[in-house]
Amino acid sequence: MNKDNKKNLIFMVIGAITLIAVTLGATYAYFIAQGGGSANTNVNVQTSTTDNLSFQVGEAISLTANQEDFAQGMGNKSGSTTARATLTANNATNNATANYYIYLDIANNDFVYTTEDNQAEKLLKVTDPNGTEVTSIPGLTRKTSGSGENEVTGFDITTQTGLITIADNYEIISTGTVTQEWTVEIIFVNLDSDQNANTNKTFNANLIIQEEAIAYHEMCDETTFACQIANLYTTDGENGIYYHDGAGTYGTLEAGDNSYRFSGANPNNYVCFGSDEESCPADNLYRIIGVFGNQVKLIKHDYANSDLLGTNGSYSSSTYSNTSSSYYKGSKTTINRYYWNRRDDTYSTNAWSSSRLNTINLNTTYYNTLGSEWTDKIATTNWKVGGNATSNIMYTTQASAYQNEIVNPAESTTYSAKIGLMYVSDYGYATSPENWNTDLYEYDNDTNRNNNWMFMGLSECTISRCSESTDYAFRVDSSGHVSRSIVHITDSLSIRPVFYLESSVVLESGDGTQENPYRIAI
């Protein structure tokens, strides 16, 4: 070998060693794992200074129902799969922390309900890495279906398609090597009734596990109302809808919950609900707070009176008039008022579960005025009612209030029902993004009032309690700022019911303007 060839060989070896060194010096190796065939595992680079996160998923779930499956006396039919995250800490610090997301992607599902009361025919059960069954998934309703040995409880996904978030920014910590495993099971329930309409229907789904969140509008079922609203999102907010992923234009000012919220003075977010009249009656006009998970959240546009809420429960004989506040934006002459929780002039607390406004006025009287064809479109929701201290809600900005009210409340208390009220953070985020860094107690100015579509001009109740006392709950004041009121005496307020639509709801017509509101299919 001549001298030049020897030099070239040396340079090639040095280059190769350099390339290997650069590759091994990578600080984090990461690949997406998706189900769909046989189980697969990521390949990761690991050095003495590298944390190693890998993912593994089982096979996709593919099930078909036939007549034999649902014959009388037969059991349920099910399929399951798993998703694993493994984190190995680096050899230098022996300490690593990471986060990840798991999604169930339902690619095909043509099942239908076969009973008049829409009993769940297909249920989702999820078990977390601690071996505990998951009992709350945003956008899904938990139901018990079947009878006898076939009775089972899970999330109703009978007609569900698209993406379901199983694990949302889930944390994994390791001082060596740790593996977290999730189990997902799909159950076809034998109802011992005529389910022939589902004969030969198919269901196909796979798990996705990865470090980054998937935006709902990127993978949602475009036939649903929620997906169509989410798809209005643009990065410049031209439709008045903002995606709160915590990493966008407004970053740390966002809720960071991957929601799509309408903000600003008057976005086109009107919905006609409870009526099929050609011109939507004023009392059937609602507005979209946003899309949360795969559900659209609505609030009544104008305040509800006693013809909808009744004169029992927490009803007050006091009223507001349309001149009670110069800021009132509705069309009513007189507005009935209600206490947050009043029990026949006796002392009562700010526990939402005992609130007569909740149990009687909202979830009995108002609910029954809507009619079953409409209430079937409303999802049962686990309302976050643990509340927090006044300093953590009133005297702070939207992002902090959201964390203190929804993510880390003073108590991890929920209440399951169809009808609720606005969260304080719902109101806070309805103002224009440039105002999200304003304390909620400082909202009583024209800038915030004029740029917050949810502000209606009269003092009204929110669902959230003040945790430092059993006497107080938060309210939106007639001047626009968030304050607090006594739940059982002196302070009676106006009411606007709030609820989430079922994820399967489909848009029928409309453009979201007040003159041509969205109409959903019934």
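Look up: the structure comes first, before these words.
As the structure is a computational prediction, the values presented were derived from the model and not from experiment.

A. View of the environment of Asn 445. Topologically, Asn 445 is positioned in the loop between helix H9 (424–428) and helix H10 (446–450). Spatially, the C-alpha atoms of Asn 445 and Gly 480 are 7.3 Å apart, while their sequence positions differ by 35 residues. Within the local environment of Asn 445, its side chain forms a polar contact with the backbone oxygen of Glu 442, the two atoms lying 2.8 Å apart. There is a polar contact of 3.1 Å between the side chain of Asn 445 and the backbone nitrogen of Thr 447.

B. Quick peek at the state of the cysteines. Counted by the stated rule, this structure contains two disulfides. There is a disulfide in this structure between Cys 220 and Cys 227, and the S-S distance comes to 1.9 Å. Taking the torsion about the sulfur-sulfur bond, which here is approximately 65°, the covalent link between Cys 220 and Cys 227 counts as right-handed. Take Cys 220 and Cys 227: they sit in the same class, and that class is buried. Across the disulfide, Cys 272 is cross-linked to Cys 280 (sulfur-sulfur distance 2.2 Å). Handedness of the Cys 272-Cys 280 disulfide follows from its S-S torsion of about 95°: it is right-handed. Counting its disulfide-bonded cysteines in sequence order, the protein shows a connectivity of 1-2, 3-4.

C. Quick look at helix H8 (residues 398–407). Burial within H8 is extensive, with seven of its ten residues counted as buried. Within H8, the full set of buried residues consists of Gln 398, Ala 399, Ala 401, Tyr 402, Asn 404, Glu 405 and Ile 406. Turning to H8, the residues buried within the fold contact strand E15 (259–262), strand E21 (381–384), helix H7 (390–393), H9 and strand E23 (460–465).

D. Representation of the environment of Gln 295. Structurally, Gln 295 is set in strand E18 (residues 295–300). Look at Gln 295 and you get buried, because its relative accessible area is 5%. Along the primary structure Gln 295 and Tyr 500 are separated by 205 residues, whereas in three dimensions their C-alpha atoms are 6.1 Å apart. Setting aside residues no more than four positions away along its own chain, Gln 295 makes contact with Gly 139, Leu 140, Ala 226, Gly 290, Ala 379, Tyr 500, Leu 501 and Ser 503.

E. Structural detail: the sheet that holds E23. With antiparallel pairing, three strands are arranged side by side in an open sheet as E23-E24-E25. Every interior strand has two partners, whereas the edge strands, E23 and strand E25 (482–486), have only one. Across the sheet, the axes of successive neighbouring strands diverge by a mean angle of 45°, strand direction being ignored. For strand E24 (residues 472–476) and E25, the ladder comprises five bridges, and the chain directions are antiparallel.

F. Seen up close, the pattern of salt bridges. This structure, assessed with the given rule, holds 13 salt bridges. With its nearest N and O atoms 2.4 Å apart, the salt bridge here joins Glu 181 to Arg 84. A residue pair is termed long-range when its members are at least 10 positions apart, and Glu 181 in strand E12 (residues 177–188) and Arg 84 in strand E6 (residues 77–88) qualify at 97 residues. On the basis of relative accessibility, which here comes to 31%, the residue Glu 181 falls in the partly exposed class. For Arg 84, a relative accessible area of 34% translates into the label partly exposed. For Glu 133, the salt bridge is made with Arg 142, and the minimal N-O distance between the two is 3.1 Å. Overlapping salt bridges bring together Asp 257, Arg 261, Lys 297 and Asp 426 as one network.

G. Molecular detail of a negative patch on the surface. Where like charges cluster on the molecular surface, the negative patch consists of Asp 276, Glu 277, Glu 373 and Asp 376. Of the residues examined, Glu 277 reaches a relative accessible area of 46% and is grouped as partly exposed.

H. Region of the structure containing the side chain of Asn 435. Structurally, Asn 435 can be placed in the loop between H9 and H10. We classify Asn 435 as buried; its relative accessible area is 8%. Within polar-contact distance, the side chain of Asn 435 engages the side chain of Thr 431 at 3.4 Å.

I. Expanded view of helix H5 (residues 356–370). The sharpest bend along H5 measures roughly 25° and falls at Leu 362. Within H5, burial applies to Arg 356, Leu 357, Asn 358, Asn 361, Leu 362, Asn 363, Tyr 366 and Leu 370. Backbone nitrogen of Leu 357 and a side-chain oxygen of the N-cap are separated by 3.3 Å at the start of H5; the cap is Ser 355. Positive backbone phi, at 90°, marks Gly 371, one or two positions downstream of H5.

Definitions and limits used
- Residues numbered from 1 in each chain as written.
- Predicted model: local features only at pLDDT ≥ 70, side-chain atom pairs only at ≥ 80, totals over all residues.
- Heavy atoms only, no water.
- Helix = DSSP H or I, 4+ residues; strand = E, 2+ residues; numbered from the N terminus.
- Polar contact = N/O pair within 3.5 Å; in protein donor to acceptor, adjacent residues only side chain to side chain.
- Disulfide = S-S within 2.5 Å.
- Buried < 20%, exposed > 50% of the residue type's maximum accessible area, 1.4 Å probe, protein only.
- Contact = heavy atoms within 4.5 Å.
- Pairing = 2+ DSSP bridges.
- Axes fitted to C-alpha atoms, helices over the stretch in contact; angles between N-to-C directions.
- Salt bridge = Lys/Arg side-chain N within 4 Å of Asp/Glu carboxyl O.
- Patch = residues over 30% accessible without salt bridge, like charges linked within 9 Å, V, L, I, M, F, W, Y side chains within 5 Å.
- Areas by Shrake-Rupley, 256 points an atom, 1.4 Å probe, with all protein chains shown as cover.
- Lys, Arg positive; Asp, Glu negative; His and termini not counted.
- Charge placed at Lys NZ, Arg CZ, Asp CG, Glu CD.
- Bend = angle between axes of the 7 residues up to and from the residue.

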